[in-house]
Amino acid sequence: MPKRRGAYQPPYSKHSFLVHGKFLTSKWDFEHHVVPPISSSSTYRLESAQRGASGFCGYVDPQARARRRGEIFIYDRLDEPTRAMLEERLAFVEEGERCVTFATGMAAIAAALGVVLRSGDEVVAHHALYGCTYSLLTTWMPRMGIRARYVDFTDPRRLERAIGRRTRAVLFETPVNPTLEVIDIAAVAGICRRRGVISIVDNTFATPFCQRPLSLGADMVVHSLTKNICGFGTDMGGAVVTRRQFEGDLLLYRKDFGGVLSPKNAWPILVYGLPSLELRMRKEEQNALEVARFLEGHPKVARVVYPGLESFPQRALARRQMTDFDGTFAPSNMIYFVVKGGEPAASRLVNHCARHAYTITLAVSLGQIRTLIEMPTAMTHSALPAGARRAGHLDPGGVRLSVGIEDAGDLIHDLREALQTC
């Protein structure tokens, strides 16, 4: 008897899994659909009060869920099949056991911290963070009795000295937003294991195509699905990928705080974002390298940071850590460069792009098929005080470029024209 279609297993690659996923899952039997269906119901019909009770009782209990007959969907905020299929696929490509998705990337970061930290605990974070993450740690966590401290994670010895008896979690991005410093995930995770601390890695810049922190020892990975994983700038979302021991708390946190990913947002990421991730990232990396080399040779550019450049200070670490599914170096699509003349020159450059460039758009966010440019100190990282910006090596003349899939020559043309204004 032939094997039933849909049981993914080797020797099929992750490349194919991104496109096809599982035709038959415990979440929804859709093997007759070429494209996964979308659920549009906020509540679900139950065949008996007893089955409803079983669904509620087993919601955050993996053992109870394993014993019951199939999935029990009750209410969208608890669980529903479209989002569940996306979670299953994200967990696989990130090499994790479980994934729980959220309405935004910030909701995912808040959840990862929320299920780990308690009043009186401390989180140690790398001193350069996305502005909203920094605001979460400095504005809201103290109201819950949680302290945040900042240290340079590029030197693991500093991190080890910074971990105290109240430290419960460490949080960092790699590559760092926006400076693209690379943090040694394995080294940080090793320190955390020895000290009994949970390591949380924001993998938004790299995506699971370029880097898989859980395989390097991290405890949790968080994503803004809005960025490279969605890829088209159309839908918001966030995800936490981790071990199964955290699943129950993450589901309970999502249920009670309500930051649930809508199935109408999950579906495009499942159907368009993940299947095209590899193709988009390869093209964007190719473009980013050409653009970075152009910028590096331009007389009005003081410094260019891109992991794919030979001049990248942490190139050996980046090559070891940032690899695709085949083990090939995958430096992602983000560039950070500093123009001579400081903030006024950088402002003239991005304003020229906003008004005159055809292929470069002045906008926040990143990871879209369109190339986006912004000034971090004036925009995405403006919430950081001046001291934190200096500690994080954010230059007032710094520009962040999220490279898309346009023709590289056209991108270089628009940048050359903009640089004439500096």
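So, here's what we can say about the structure. Small disclaimer: the values here were computed from a predicted structure and weren't measured.

Glancing now at the environment of alanine 386. Secondary-structure assignment places alanine 386 in helix H14 (residues 386-391). A C-alpha to C-alpha distance of 42 Å links alanine 386 and valine 271, two positions 115 residues apart in sequence.

This part takes up the sheet that holds strand S3 (residues 147-151). Sheet architecture is open: 7 strands sit in the order S1-S7-S6-S5-S4-S2-S3, paired in mixed fashion. Pairing within the sheet leaves two strands with one partner each, and these edge strands are strand S1 (98-102) and S3. Put simply, the sheet's adjacent strands are angled 20° from each other on average, direction ignored. Relative to S3, strand S2 (residues 122-126) runs parallel, the two being bridged by 5 bridges. Across the sheet, valine 124 pairs through a bridge with arginine 149, a residue of S3.

All right, on to the pattern of salt bridges then. Considering all chains together, one arrives at 19 salt bridges under this definition. A salt bridge links glutamate 97 to arginine 244, with the shortest nitrogen-to-oxygen separation between them at 3.5 Å. Placement of glutamate 97 in the loop between helix H4 (81-93) and S1 and of arginine 244 in the loop between strand S7 (238-242) and helix H10 (247-257) is noted, with a sequence separation of 147 residues between them. Residue class for glutamate 97 comes out partly exposed when judged on its relative accessible area of 37%. Here aspartate 324 makes a salt bridge to arginine 282, at a shortest N to O gap of 3.4 Å.

A disulfide bridge is the covalent bond that connects two cysteines by way of their sulfur atoms. Scanning all chains against the criterion turns up 0 disulfides. Here cysteine 99 is not disulfide-linked; the sulfur of cysteine 230 is the nearest cysteine sulfur, at 15 Å. Its relative accessible area of 3% is what places cysteine 230 among the buried residues.

So, on to the side chain of lysine 227. Secondary-structure assignment places lysine 227 in the loop between strand S6 (220-224) and S7. Buried within the structure, lysine 227 lacks any salt-bridge partner; its nearest side chain of opposite charge belongs to aspartate 202, at an N-O separation of 8.1 Å. Looking at lysine 227, its side chain comes within polar contact range of the side chain of serine 224, at 2.9 Å. Ignoring anything within four residues of it in the chain, the contact list for lysine 227 reads Thr204, Ser365, Leu366 and Gly367.

A separate point is the sheet that holds strand S10 (residues 360-362). The sheet built from 5 strands is open, its strands ordered S8-S9-S12-S11-S10 with mixed pairing. Two strands in the sheet have a free side with no partner beyond their single neighbour: strand S8 (301-305) and S10. For this sheet, the mean inter-axis angle between neighbouring strands, taken without regard to orientation, is 25°. Here S10 runs beside strand S11 (residues 371-374); their pairing, made up of 3 bridges, is parallel. By the bridge assignment, isoleucine 360 is partnered in S11 with threonine 371. Set on the sheet, helix H11 (residues 263-296) makes contact with S8, strand S9 (334-339) and strand S12 (398-402); between it and S9 the angle comes to about 10°. Running at roughly 55° to S10, helix H15 (residues 408-419) makes contact with S8, S9, S10, S11 and S12 of the sheet.

The subject of this paragraph is unusual backbone geometry. Each neighbour pair has its own omega, and for threonine 174 with proline 175 the value is -10°, a cis peptide bond. Along the chain, proline 175 falls in the loop between strand S4 (167-173) and helix H8 (185-195). For the bond from asparagine 177 to proline 178, the omega torsion is 5°, close enough to zero to count as cis. Within the secondary structure, proline 178 is located in the loop between S4 and H8. Positive phi, normally seen in glycine, also occurs at serine 332, with a value near 70°. Structurally, serine 332 is set in the loop between helix H12 (315-321) and S9.

Conventions we followed
Here the residue numbers are simple positions, counted from 1 along each chain's written sequence. With the structure being a predicted model, the display of local features is reserved for residues of pLDDT at least 70 and the display and counting of side-chain atom pairs for 80 or more, all residues being used for whole-chain, interface and lining totals. By convention in this description, side-chain values take in all heavy atoms of the structure and omit both hydrogens and water. Put simply, DSSP H or I for four residues or longer makes a helix, DSSP E for two residues or longer makes a strand, and each gets a number counted from the N terminus. Strands pair, by our definition, only if DSSP identifies at least two bridges between them. Helix axes are fitted only over the stretch in contact, all axes being lines through C-alpha atoms; the angle between N-to-C directions runs from 0 to 180 degrees. Salt bridges are identified by distance alone: a Lys or Arg side-chain nitrogen within 4 Å of an Asp or Glu carboxyl oxygen. Burial here depends on accessible area, computed with a 1.4 Å probe over protein chains only, as a share of the maximum for the residue type. Under 20% is buried, over 50% is exposed, and the range in between is partly exposed. Cysteine sulfur atoms are paired as a disulfide whenever they fall within 2.5 Å. In this tally, Lys and Arg are treated as positive and Asp and Glu as negative; His is ignored, and so are the chain termini. Polar contact criterion, stated in full: a pair of N or O atoms within 3.5 Å, where within protein one must be able to donate a hydrogen and the other to accept it, and residues adjacent in sequence count only if both atoms are side-chain atoms. It only takes one pair of heavy atoms within 4.5 Å for two residues to be counted as in contact.

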